[in-house]
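Chain and residue survey
Each chain, letter by letter, is given below.
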Amino acid sequence: MSGYRTPISLEFFPAKTPESAAKLRAVRHNLYPLQPAFCSVTYGAGGSTQEGTFATLREMLSEGAQAASHFSCIGATRATVRSQLGQLQTMGVKRIVALRGDLPTGYGPAGEFRYASDLVAFIRAETGDYFSVEVAAYPEIHPQSATSGADLQAFATKVKAGANSAITQYFFNSDAYFRFVDDVQALGVDVPIVPGIMPITNCTQLMRFSDACGAEIPRWIRLRLEGYGDDIESIKSFGLDVVSDLCDQLLSVGVPALHFYTMNQSAPVLALCDRLGLSIPRTEPSLRLRA
Ligand code: FAD
């Protein structure tokens, strides 16, 4: 046995109340034994969650985790982004997931950044190589793109602006990912493209997210989920089978890593990693955890 394990990373969203912050702390502590390469925290478009995002990052850093900040630029000015990059550097954050974000309709002016590629270029111009920069990728095509070709070109531009790697929107059809990787490689993009993995635990929530972000739920999966009605245990069990099969297909071709959308829950990710043989034996050194 080589002992190599495909790296994993974990994504959280910031808590809104002291109670949910305590719950999130417990979730992180349940997941740290998986030894994630990094843990990222989402950032609401227009800076709406900045305080919560930064507070969560500080906590994760104090717990000994590698913390990555998502950062969406829509609605922002160069001056505010410059100031926030400075705050992240002071905190010791070294990794950014650079995004455009989506402003709610009628939110106000779009700001001084139009696309994520503008943010990536700005981060590089302001901070050089200090940050490792991830960008978003869409194997099933970003919902606002006129054509798949235009979306691929936009992705290549974003990477060439200075991204180190990419994390995909979630998908349930591995062919879309494999095709995307081939297509961007043909455009000269050779950064790691890490599949984003969404555990299936809740039918209504999954349908809502997928409609909003353009991730396709194959018809047979949608029908099976709908057929379970309120039977949460069957949904979870079926979801675990579907998503672990998907991860098996990805791991079998040697994907660079897996990025889990935890939805601030530990049990689904623990179950998946256990099924996939990605859990670290408890006897190995794990993250140093502070109470
Ligand atoms: P971009 O790369 O700027 O692309 C947006 C659209 O513009 C695409 O259709 C693209 O094809 C097009 N485009 C890009 N460049 C050009 C160009 N030069 N000319 C013409 N068209 C162009 N949202 C948040 O608000 N907070 C988060 O924390 C967050 N985290 C995310 C994490 C991941 C891994 C992913 C996949 C998404 C995340 N999102 C988050 C959602 C994201 O903000 C939305 O999907 C948003 O609609 C697009 O962001 P982007 O960075 O991909 O934008």
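Summary of the structure given here. (Residues numbered from 1 in each chain as written. Predicted model: local features only at pLDDT ≥ 70, side-chain atom pairs only at ≥ 80, totals over all residues. Heavy atoms only, no water.)

Considering all chains together, one arrives at 10 aromatic pairs under this definition. Centre to centre, the rings of Tyr-43 and Phe-71 are 5.1 Å apart; their planes meet at 10°, and the pair counts as stacked. Of this pair, Tyr-43 sits in the loop between strand 2 (38-41) and helix 2 (50-62) while Phe-71 sits in strand 3 (residues 67-72), and the two are 28 residues apart along the sequence. Judged by relative accessible area, which is 8%, Tyr-43 ranks as buried. An aromatic cluster is present here, built from Tyr-170, Phe-172 and Tyr-261 joined pairwise through their rings. (Phe/Tyr/Trp six-rings, centres within 6.5 Å; stacked < 30°, edge-to-face > 60°. Helix = DSSP H or I, 4+ residues; strand = E, 2+ residues; numbered from the N terminus. Buried < 20%, exposed > 50% of the residue type's maximum accessible area, 1.4 Å probe, protein only.)

One can describe the packing of helix 7 (residues 203-213) onto helix 8 (residues 219-227) by two numbers: an axis separation of 10 Å at closest approach and a directional angle of 145°. Facing Cys-203, Leu-206, Met-207 and Asp-211 of helix 7, the residues of helix 8 in contact are Arg-222, Leu-225 and Glu-226. Here the contact of helix 7 with helix 8 is built from residues that sort into four nonpolar, no polar and three charged. (Axes fitted to C-alpha atoms, helices over the stretch in contact; angles between N-to-C directions. Contact = heavy atoms within 4.5 Å. Nonpolar A, V, L, I, M, F, W, Y, C, P; charged D, E, K, R; others polar.)

With that settled, consider the side chain of Gln-84. Examined against the element boundaries, Gln-84 turns out to sit in helix 3 (residues 78-91). You can call Gln-84 buried: its relative accessible area is 11%. With residues near it in sequence (within four places) discarded, Gln-84 still touches Tyr-43, Gln-50, Phe-54 and Phe-71.

By secondary structure assignment, the location of Met-198 is in the loop between strand 8 (196-197) and helix 7. With relative accessibility at 7%, the residue Met-198 sits in the buried group. Taking the C-alpha atoms as reference, Met-198 lies 32 Å from Gly-128; in sequence the two are 70 residues apart. With residues near it in sequence (within four places) discarded, Met-198 still touches Tyr-170, Phe-172, Leu-206, Phe-209, Val-243, Tyr-261 and Met-263.

It is the contact of helix 3 with helix 4 (residues 116-127), at a shortest axis distance of 11 Å, that shows an interaxial angle of 60°. Judged by the inter-axis angle, helix 3 sits oblique to helix 4. Here helix 3 and helix 4 pass one another in a crossing that is right-handed. In this structure, helix 3 contributes Arg-78, Val-81, Arg-82, Leu-85 and Gln-89 to the contact, and helix 4 contributes Leu-119, Phe-122, Ile-123, Glu-126 and Thr-127. Here the contact of helix 3 with helix 4 is composed, by residue class, of five nonpolar, two polar and three charged. (Parallel < 35°, antiparallel > 145°, perpendicular 65-115°, else oblique. Left-handed = near helix turned anticlockwise from the far one by under 90°.)

Let's shift gears to the site of the ligand. Not every one of the 21 residues close to the ligand is listed here, only the nearest: Tyr-43, Asp-102, Tyr-138, His-142 and Asp-151. Tyr-138 places a polar side-chain atom, nitrogen or oxygen, 2.6 Å from an oxygen atom of the ligand. Within the contact set of the ligand, an oxygen atom lies 2.8 Å away from a side-chain nitrogen or oxygen of Ser-145. No other element matches helix 5 (residues 148-160), which puts three residues into the shell around the ligand. In the shell around the ligand, the residues fall into 10 nonpolar, seven polar and four charged. (Near = heavy atom within 4 Å. Polar contact = N/O pair within 3.5 Å; in protein donor to acceptor, adjacent residues only side chain to side chain.)

Moving on, we get to unusual backbone geometry. One non-glycine residue, Gln-35, lies in the positive phi region at around 50°. Relative to the helices and strands, Gln-35 resides in the loop between helix 1 (18-31) and strand 2. You can call Gln-35 partly exposed: its relative accessible area is 24%. Phi at Met-263 takes a positive value of approximately 55°, unusual for a residue other than glycine. With respect to the helices and strands, the residue Met-263 is situated in the loop between strand 9 (258-261) and helix 10 (267-276).

Next up on the list: the pairing of strand 5 (residues 132-137). With five of six residues buried, strand 5 lies mostly within the body of the structure. When strand 5 meets strand 6 (residues 165-168), the two strands line up parallel, connected through four bridges. Paired with Val-135 across the strands is Ala-166, a residue of strand 6. In this fold, strand 5 hands off to helix 5, which returns the chain to strand 6; that crossover is right-handed. (Pairing = 2+ DSSP bridges. Right-handed = clockwise from strand over helix to strand, strands pointing away.)

Here nine strands make up an open sheet; going across it, the order is 7-6-5-4-3-2-1-9-8 and the pairing parallel. Both edges of this open sheet fall to strand 7 (193-194) and strand 8, since each of them pairs with a single strand only. Relative to strand 9, strand 8 runs parallel, the two being bridged by two bridges. Counted as the bridge partner of Ile-197 is Phe-260 from strand 9. Each of strand 5, strand 6 and strand 7 touches helix 5; the most contacted strand, strand 5, lies at about 175° to it. Sheet contacts for helix 10: strand 1 (8-12), strand 8 and strand 9; angle to strand 9, the most-contacted strand, approximately 150°.

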